[in-house]
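# Residue-level structural notes
These are the residues of each chain, in order.
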Number of protein chains: 2
Amino acid sequence: MERTIQKQKAEKALSILMRARMKPNDRTNLSLSPIPLTNAKSQMQQQNSRQNESPGEGNSAPNDSGNSEREFKRVRASMHSAISMNKTEVLDDVLNNFSEGYFSLSHENRRKLLLVLAREYDLNRSQVRDLIKQYLGLELPADKAQVSGSEDEALFSSFYRIEKNLRHALQPVYEVLFERLNTHPGGLRILSILRDDILTILAEENIASLRALDAYLKEKFITWLSPAALELHQITWDDPASLLEKIVAYEAVHPISNLLDLKRRLGIGRRCFGYLHPAIPGEPLIFIEVALLKDVAQTIQEVLWDSPPIPESEATCALFYSISSTQPGLAGINLGKFLIKRVVTQVKREMPHISTFATLSPIPGFMSWLLSKLAASQVLAEGDNLSQPQAEGSSSTFYENILKPEEEEALMSLAKDTATGKNGMDLMFNLLTSTSSKWIHSPEHLSALKTPLMRLCARYLLQEKKRGKALDSVANFHLQNGAMVERINWMADRSEKGLSQSGGIMVNYVYRLDHIEEYAHSYFSNGEIHASNDLHRYVDVVENA
Amino acid sequence: MERTIQKQKAEKALSILMRARMKPNDRTNLSLSPIPLTNAKSQMQQQNSRQNESPGEGNSAPNDSGNSEREFKRVRASMHSAISMNKTEVLDDVLNNFSEGYFSLSHENRRKLLLVLAREYDLNRSQVRDLIKQYLGLELPADKAQVSGSEDEALFSSFYRIEKNLRHALQPVYEVLFERLNTHPGGLRILSILRDDILTILAEENIASLRALDAYLKEKFITWLSPAALELHQITWDDPASLLEKIVAYEAVHPISNLLDLKRRLGIGRRCFGYLHPAIPGEPLIFIEVALLKDVAQTIQEVLWDSPPIPESEATCALFYSISSTQPGLAGINLGKFLIKRVVTQVKREMPHISTFATLSPIPGFMSWLLSKLAASQVLAEGDNLSQPQAEGSSSTFYENILKPEEEEALMSLAKDTATGKNGMDLMFNLLTSTSSKWIHSPEHLSALKTPLMRLCARYLLQEKKRGKALDSVANFHLQNGAMVERINWMADRSEKGLSQSGGIMVNYVYRLDHIEEYAHSYFSNGEIHASNDLHRYVDVVENA
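Residues numbered from 1 in each chain as written. Chains lettered and ligands numbered in written order. Predicted model: local features only at pLDDT ≥ 70, side-chain atom pairs only at ≥ 80, totals over all residues. Heavy atoms only, no water.

An unreviewed UniProt entry lists chain A under the name Malonyl-CoA decarboxylase, with Sphenostylis stenocarpa given as the organism.

Have a look at this one:
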């Protein structure tokens with residue numbers, strides 16, 4: 001009977017899937033790393049609130065005014081009950097009320113409510129002070145800060161007691177709401193939405209109390225979402241359409257264009273794995289797409305559209321070509337690292353003939369880094385005419401010609417009717433920002449741009465850092481997981497997004513099974529980026545220049 | 001391929017199941033409530049350590065001497081590494097080493113190791129004192145202990161910072177080991193075994209540092225094992241034999257006598273549900289057995305052995321006749337409450353014609369309570385001859401005749417060759433403690449005992465308390481979950497255990513769906529025990545006497 005209902009649900013969802021536009025045109029906010037897609041998220045949220053499992057059923061349209069204040073007070077009251085009720089009271093109803101209410105709030109009211117939570121359900125500071133006084137009143141034997149033998153046991157038992165009480169007193173009151181929601185069916189999803197809202201607010205304003213709440217909630221998530229508690233699930237064409245629909249909606253790297261595309265990504269020569277959590281059923285928290293290939297692919301075209309897949313028994317390479325997380329509220333919790341580790345183990349066990357584990361990844365920050373370099377030099381190049389003082393040494397800080405003389409020359413010798421600029425960098429800036437990336441249709445432009453773009457891309461990946469970590473978010477993700485930079489591929493992704501973010505270049509990171517921990521460690525402790533000789537060669541040329 | 005392996009495993013386990021003695025004779029340590037079976041546990045542990053998933057593979061035989069000290073030092077060193085290593089280092093190997101090492105330790109070495117953990121990986125108390133000093137140095141505006149507006153934000157940010165640091169500093173160092181093991185495949189199981197060992201030690205000696213460690217670990221378990229993270233699984237005859245084998249081994253209330261018995265408990269008219277956790281695959285943490293019946297059963301015989309099951313469509317009652325937990329290390333973590341709630345929801349959804357949710361439960365503490373009452377009065381009855389001073393009022397404290405005059409009379413009029421005693425209570429004591437419960441084979445004895453035993457059983461269930469809670473552990477379990485005491489049944493369990501623990505009586509607790517929360521609340525807040533009129537009648541007779 002249960003199964004029949006599930007089947008009916010699946011059929012319904014499938015019919016929606018068949019009718020739905022699979023690739024909305026307004027997907028502008030695409031994310032390229034495990035940081036997920038904001039658009040898809042709010043889209044899904046609305047879908048969810050229409051589904052019957054969702055606490056927000058029927059309440060998804062925010063009130064814009066009028067009864068807005070009344071609404072806020074009602075949700076605030078249910079939040080208060082959810083926190084202050086005795087644990088044996090009718091908590092389920094209260095938590096449902098709160099969840100439904102929260103869904104129905106406008107953005108502004110959610111902000112107000114979260115600030116109330118952060119400020120008024122904080123610590124009981126006078127209780128903390130009382131306990132601290134008791135604690136300081138205890139006599140600590142001068143020579144030891146730890147119990148060493150049974151004779152000290154009695155002495156230390158008052159330490160244990162007050163330390164425990166102090167630990168509890170230092171937990172903010174909102175801890176109760178978090179723990180209760182986590183225990184409640186559907187609660188983890190609400191908490192993930194709550195944190196998504198918090199992150200959105202914090203991106204605009206720096207509010208100390210809310211930041212403290214966020215840090216606390218993030219620690220909670222890390223405990224709850226232990227990878228040991230997550231189920232690795234291979235997503236196949238036999239999965240319910242309601243789950244497959246989510247893969248389509250959340251695929252953040254290479255949008256799924258139609259049903260055939262989806263079927264191919266789940267069929268022969270392909271794998272898709274997700275992490276499922278029992279509290280968020282039917283929806284992976286994060287998923288990864290894998291292609292089984294003879295060689296490490298150089299372009300995304302061969303993975304997504306070219307030629308039929310090879311027989312799986314002939315594959316020697318598992319290529320991770322997409323990883324997407326579905327819960328923006330779980331930002332900063334690295335589930336991808338554990339997912340990759342488990343997928344590698346799983347694939348190795350199933351297909352021992354596979355020896356290479358690599359990615360084909362975008363370089364999402366490359367163009368914005370490059371264009372800002374080019375733009376800055378452009379401005380300063382103009383400033384040159386104003387005879388600014390140019391101290392030696394400082395010149396390179398303010399005006400770095402990132403082009404080599406032969407690159408500059410090649411660029412400047414392009415036909416003037418299609419490419420103009422005061423100097424190489426200026427010209428390069430104009431070419432790269434021309435409407436609809438005209439440069440990729442011109443063999444001359446492509447050939448003049450290839451050398452500097454590939455070299456600068458290698459420099460960007462290996463040398464550009466922020467706080468000791470790779471500047472590029474996807475690079476940082478794979479490097480902290482223990483991968484190395486193996487190869488960069490010219491014209492590997494000619495999609496609009498691929499051109500505008502990565503200059504059409506894609507990179508292969510490789511996970512060398514016997515070096516993963518070592519590489520992760522040296523990256524973590526001194527920011528060392530392991531890369532192939534191929535990659536170093538691009539950069540060494542610069543250094544020797 | 002994965003499936004083939006699983007199938008092979010299942011077949012192997014099934015063959016073990018068929019050969020194995022299903023009901024060992026030496027099952028003496030049977031537990032009757034969600035507190036599990038110590039025997040089965042250590043048995044399972046040995047089995048586990050023989051399986052290839054177990055970290056303790058091949059190491060299950062404890063070293064008894066000689067290299068014992070070396071062994072201890074090795075495991076201690078791996079424990080130290082597991083705690084102190086940088087998080088990107090080769091943690092997996094270290095955690096595996098520690099787990100395997102721990103398995104191989106003798107009981108005495110485990111005790112030593114756990115004390116080292118509790119004492120030497122405790123708090124950094126000087127760091128705590130430093131932070132406390134910083135904290136006391138902060139100026140708290142006299143009139144407010146909480147942030148109320150954005151102008152206070154800046155003021156409070158140093159509070160947030162130091163409070164967070166203090167919270168972290170108050171976490172014992174062993175927190176790291178717990179969190180790392182929880183993240184590690186198989187780690188949750190190790191932690192559960194660790195806690196089992198701790199509870200065993202604490203049952204013998206009261207060691208403050210170890211008690212503090214236990215309290216801390218218990219809190220961790222409660223967070224990790226959120227019922228929302230547990231999967232409700234209906235256990236059927238189609239489940240792998242490796243799982244079914246565990247049901248047989250852990251069934252703590254009514255041992256499963258053979259394969260047919262097991263098959264019947266999973267067949268038509270029966271249900272079995274378990275909570276599975278992804279980190280402990282293939283083994284429910286707790287499971288419950290349900291019979292679908294026309295009426296609430298009065299004896300365990302009708303549930304386990306009588307007549308074929310009725311068609312499920314005719315059932316109106318779901319009877320919970322057994323609930324067993326499999327992890328002694330999770331003692332004190334009430335998973336049963338959530339399990340019952342979810343099973344009720346699931347059964348109601350599947351079979352809306354079922355309107356009664358009841359249990360048929362043992363009263364495991366009844367006989368030991370009754371015998372101690374009878375024995376005490378026996379001693380004091382002898383003391384009477386020594387003309388002890390008997391102040392008014394105090395007499396009832398020291399010598400309470402728990403029998404009513406007509407009960408006393410009926411007992412004293414039994415044939416003297418089979419039943420002797422100075423008075424009714426003395427005679428009752430002798431009858432109940434006679435070898436192999438001879439009294440149940442004599443219609444006269446049965447008839448003379450029935451009235452006092454049933455009445456005293458009702459009194460025991462409704463009135464005997466410890467710290468405001470029902471003295472009987474199973475009664476306390478169901479009452480705190482929101483059940484009421486509906487009916488007690490004479491000669492409902494004639495098994496050796498049933499007679500020696502519950503005097504052959506069983507009790508039906510009933511879960512009234514619209515009163516569960518209310519009953520749980522009044523029991524929690526003022527120890528009120530809800531019971532049927534039938535049950536009150538037994539007790540009221542006493543009070544009116």
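So much for the structure itself; the text now carries on.
The strands that make up a sheet are held in pairs by hydrogen bonds between backbone atoms, and each pair lies either parallel or antiparallel. Residues and elements named next belong to chain B. Ordered in space as β1-β2-β3-β4-β5-β9-β8, the seven strands form an open sheet in which the pairing is mixed. The sheet is open, and its two edges are formed by β1 (231-234) and β8 (484-489), each paired on a single side. Going from strand to strand, the sheet's axes swing by 30° on average, the running direction of each strand aside. Where strand β4 (residues 317-325) meets strand β5 (residues 356-359), four bridges bridge the pair, whose relative direction is parallel. Along β5, the bridge assignment pairs Leu319 with Ala358. The strands that helix α12 (residues 259-266) touches are β2 (270-276), β3 (286-293) and β4; relative to β2, the one it contacts most, it runs at about 85°. Docked against the sheet, helix α19 (residues 443-463) engages β8 and β9 (506-511), running at close to 160° with respect to β8. (Pairing = 2+ DSSP bridges. Helix = DSSP H or I, 4+ residues; strand = E, 2+ residues; numbered from the N terminus. Axes fitted to C-alpha atoms, helices over the stretch in contact; angles between N-to-C directions. Contact = heavy atoms within 4.5 Å.)

Least-squares fitting of chain B to chain A yields an RMSD of 0.1 Å, with the superposition described by an axial translation of 0.0 Å and a rotation of 180°. When the rotation and shift are considered jointly, the pair of chain copies conforms to a two-fold rotation axis. When the interface residues of chain B are mapped onto chain A, 100% of them again fall at the interface, so both copies present the same face. (Least-squares fit on C-alpha atoms with pLDDT ≥ 70 in both.)

This part takes up the nonpolar core. One finds Phe366, Leu370 and Leu461 of chain A to be the most contacted residues of the largest nonpolar core, which totals 118 residues. The element that contributes the greatest number of residues to this core is helix α19 (residues 443-463) of chain A, accounting for eleven residues. Discounting residues that sit within four places of it in the chain, Leu461 of chain A has contacts with Ile363, Ala475, Val485, Ile488, Val507, Tyr509 and Ile529 of chain A. Formed by 117 residues, the second largest nonpolar core is a distinct cluster that contains Ile363, Val474, Leu479 and Tyr523 of chain B. (Core = buried A, V, L, I, M, F, W, Y, C linked by side-chain atoms within 4.5 Å. Buried < 20%, exposed > 50% of the residue type's maximum accessible area, 1.4 Å probe, protein only.)

Between chain B and chain A, the residue contacts involve 69 residues of the former and 69 residues of the latter. Summed over both partners, the interface of chain B with chain A buries about 6100 Å², with 57% contributed by carbon and sulfur atoms. Put simply, chain B and chain A have four salt bridges between them. Taken together, the connections running from chain B to chain A amount to ten residue pairs in polar contact (both at pLDDT 80 or more). Within the residue set of the side of chain B that touches chain A, elements represented by two or more residues are α5 (107-120), α6 (125-136), α7 (153-169), α8 (174-183), α10 (208-224), α14 (335-350) and α22 (516-526) of chain B. With ten residues, the single largest contributor to the side of chain B that touches chain A is α7 of chain B. (Buried area = accessible area lost by both parts, 1.4 Å probe. Salt bridge = Lys/Arg side-chain N within 4 Å of Asp/Glu carboxyl O. Polar contact = N/O pair within 3.5 Å; in protein donor to acceptor, adjacent residues only side chain to side chain.)

Summarising burial for helix α11 (residues 241-250) of chain B: nine of the ten residues are buried, a large majority. Among the residues of α11 of chain B, Ala241, Leu243, Leu244, Glu245, Lys246, Ile247, Val248, Ala249 and Tyr250 of chain B are the ones counted as buried.

It is worth spelling out the UniProt feature "domain: Malonyl-CoA decarboxylase N-terminal" (unreviewed entry) in chain A at this point. In the numbering used here, UniProt assigns the "domain: Malonyl-CoA decarboxylase N-terminal" (unreviewed entry) feature to residues 161-224 of chain A. For residues 161-224 of chain A, helix accounts for 84% and strand for 0%, while the C-alpha atoms at its two ends are 26 Å apart. (UniProt positions renumbered as here; feature names shortened; annotations may be inferred.)

Side chains that carry opposite charge are capable of pairing whenever their charged atoms lie near each other. Residue and element names in this part refer to chain A. The full count for this structure, using the stated rule, is 52 salt bridges over all chains. Between Asp261 and Arg265 there is a salt bridge, and its shortest N-O distance comes to 3.1 Å. With Asp261 and Arg265 both in helix α12 (residues 259-266), this residue pair falls four residues apart, about one helical turn. The same class applies to Asp261 and to Arg265, which are both buried. Beyond isolated ion pairs, a larger network of salt bridges with shared partners links Glu251, Asp261, Arg265 and Glu289.

By the definition in use, this model includes 22 aromatic pairs over all chains. With 5.7 Å between their ring centres and 40° between their planes, Phe366 of chain A and Tyr460 of chain A make a pair best called tilted. Taken as a pair, Phe366 of chain A in helix α15 (residues 366-384) and Tyr460 of chain A in helix α19 lie far apart in primary sequence, 94 residues in all. Summarising the burial analysis for this pair, Phe366 of chain A and Tyr460 of chain A share the class buried. An angle of 75° between the planes, with centres 6.5 Å apart, marks the rings of Phe320 of chain B and Tyr511 of chain B as edge-to-face. (Phe/Tyr/Trp six-rings, centres within 6.5 Å; stacked < 30°, edge-to-face > 60°.)

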